[in-house]
Amino acid sequence: MHSAELSIVVPTYKERGNVAELVRRLDAALAGIAWEAIFVDDNSPDGTAQAVKDLAAGDSRVRCLRRVGRRGLAGACIEGMLSSASPFVAVMDADLQHDEKVLPQMLARLKGGADLVAGTRYVEGGNAGSFSQSRGAISRLATRLTHRLVGTNLSDPMSGFFMMRRDRFDDIAPRLSPVGFKILLDIAATGGERLAIAEQPYVFGTRFDGESKFNAQIGVEFLGLLLAKMTGDLVDPRFLFFAIVGTVGLVVHLIALSLALAMIPDQFRAAQALATLVAMTSNFLLNNELTYRDRRLKGIAMFRGFLLFCLIGSVGALTNVDLASWLYSERQVWWVAGAAGAIMGALWNYAMSTLFVWRAR
Ligand code: GDD
Ligand code: MN
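Conventions and cut-offs
Residues numbered from 1 in each chain as written. Chains lettered and ligands numbered in written order. Predicted model: local features only at pLDDT ≥ 70, side-chain atom pairs only at ≥ 80, totals over all residues. Heavy atoms only, no water. Near = heavy atom within 4 Å. Polar contact = N/O pair within 3.5 Å; in protein donor to acceptor, adjacent residues only side chain to side chain. Areas by Shrake-Rupley, 256 points an atom, 1.4 Å probe, with all protein chains shown as cover. Helix = DSSP H or I, 4+ residues; strand = E, 2+ residues; numbered from the N terminus. Nonpolar A, V, L, I, M, F, W, Y, C, P; charged D, E, K, R; others polar. Buried < 20%, exposed > 50% of the residue type's maximum accessible area, 1.4 Å probe, protein only. Right-handed = clockwise from strand over helix to strand, strands pointing away. Donors = N, O, S within 2.8 Å, 3.2 Å for Na, K, Ca; no water. Core = buried A, V, L, I, M, F, W, Y, C linked by side-chain atoms within 4.5 Å. Contact = heavy atoms within 4.5 Å.

## Details of the site of ligand 1
By nearness alone, 26 residues border ligand 1, and Glu15, Arg71, Met158, Ser212 and Lys213 come closest of all. Between ligand 1 and Ala94, the relevant distance is 3.0 Å, taken from an oxygen atom to a main-chain nitrogen or oxygen of the residue. Residue His98 places a side-chain N or O atom 3.1 Å away from an oxygen atom belonging to ligand 1. When the free accessible area of ligand 1 is taken as 740 Å², the share hidden by the protein chains comes to 98%. Contributing elements (two or more residues each) for the shell around ligand 1: strand E1 (6-12) and helix H3 (73-82). In the shell around ligand 1, the residues fall into eleven nonpolar, six polar and nine charged.

## Considering the pairing of strand E2 (residues 35-41)
Across the seven residues that make up E2, a large majority, seven, are buried. Side chains of E2 alternate between two faces, with Trp35, Ala37, Phe39 and Asp41 and Glu36, Ile38 and Val40 buried alike. Once you follow E2 into helix H2 (residues 48-58) and on to strand E3 (residues 62-66), the crossover reads as right-handed.

## Describing the coordination of the manganese ion (ligand 2)
Around the manganese ion (ligand 2), the protein contributes the donor atoms Asp95 (OD) and Gln97 (OE1), which lie 1.9 to 2.0 Å from the metal centre. Grouping residues by exposure puts Asp95 and Gln97 together as buried.

## Considering H3
Most of H3 is tucked away, with seven of its ten residues classed as buried. Looking at H3, one finds that the buried residues are Ala74, Gly75, Ala76, Cys77, Ile78, Gly80 and Met81.

## Comments concerning the nonpolar core
Within the largest apolar cluster, 32 residues are counted, with the highest numbers of intra-cluster contacts made by Ile8, Leu26, Phe39 and Leu103. Listing elements by their share of this core, those giving two or more residues are E1, helix H1 (19-29), E2, H2, strand E4 (88-91) and helix H4 (103-111). Those residues within four positions of Phe39 in sequence are excluded, and the remaining contacts are Val10, Thr12, Val19, Leu22, Val23, Val52, Val62, Arg63, Cys64 and Leu65. Val9, Val91, Ile183 and Ile187 belong to the second-largest nonpolar core, a separate cluster that totals 24 residues.

Dropping the structure here:
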């Protein structure tokens, strides 16, 4: 048998009930094309990998790449595509929401000169019918942000349905991020203008079996990637999140300070100390949810972390309150004094928190 012309990479996590049906549909849709399916399973507890291997036992076009000790849609897609030796590779979901019947058209467009064909739910002829209202809104927001920030012309940048020339992928692969759901956007943004992109409309179906793994955390990761791409990959997304949290913390601080000053007008020192405590608590919680979400502290560890965060913070806070009080006594501009103190504390907190509170394991 000839080696495959088209590899279809299918990331799976708890999709046992979908894999056989998907292979059946691929077989029907891809008549006349030499294809193979590479399932990349992150050691799903429901036995998806075994289900794929059972299929593979009777069908040499089916392969299973079982990853242990790691999770992540983008990383799974990247590794699956890297394992392919075919000239063309596609990525599609296992749950049958992506319409396999448009795959031959996508392949034809690659042969016609495109480097990448993105399946899209939004252009004329496409359809986002089975999207929930809020999911639809998030998706449209992401699309608009992508246009503004990254400048790539994709109508559906969050899509996990696309096909591309493998040689182009191999060039780009070392610069891709394995985190999150945003593989297509990452490829388009990294490939830049040299990547000829075409779009293929399709009808987004409903999930065949099992449930969606999309959640708010994935949305946050997507935002992180956009911000990182905006700065040309110069700045680590983690630092960007820390800076955002810090900015929010500064606003929280100033609001708390103005409220405290309204209550105790002649005690600036006490008011600034109180505002610092409020901002520190809000910073801890936000950092735990966003900045260090991959190392998120829970339960007793969260409590310990908060105490440590406060201990570290209190050293910063002493300097903060001293600096702010001194500035205030010099100039009497409460918000300049308050902000300068808070910024000083925030810098100290970042360095020490990364080192001690949310230590990489
Ligand atoms: N290997 C692996 N590891 N696969 C994963 C993981 C993971 O950590 N998380 C999800 N998957 C697989 C699922 O098993 C499925 O085949 C595919 O990735 C998409 O996951 P869904 O859980 O079905 O996502 P969705 O349908 O809610 O999300 C849709 O919209 C997203 C954004 O608009 C999909 O079209 C996504 O591709 C798209 O990014
Ligand atoms: Mn899905």
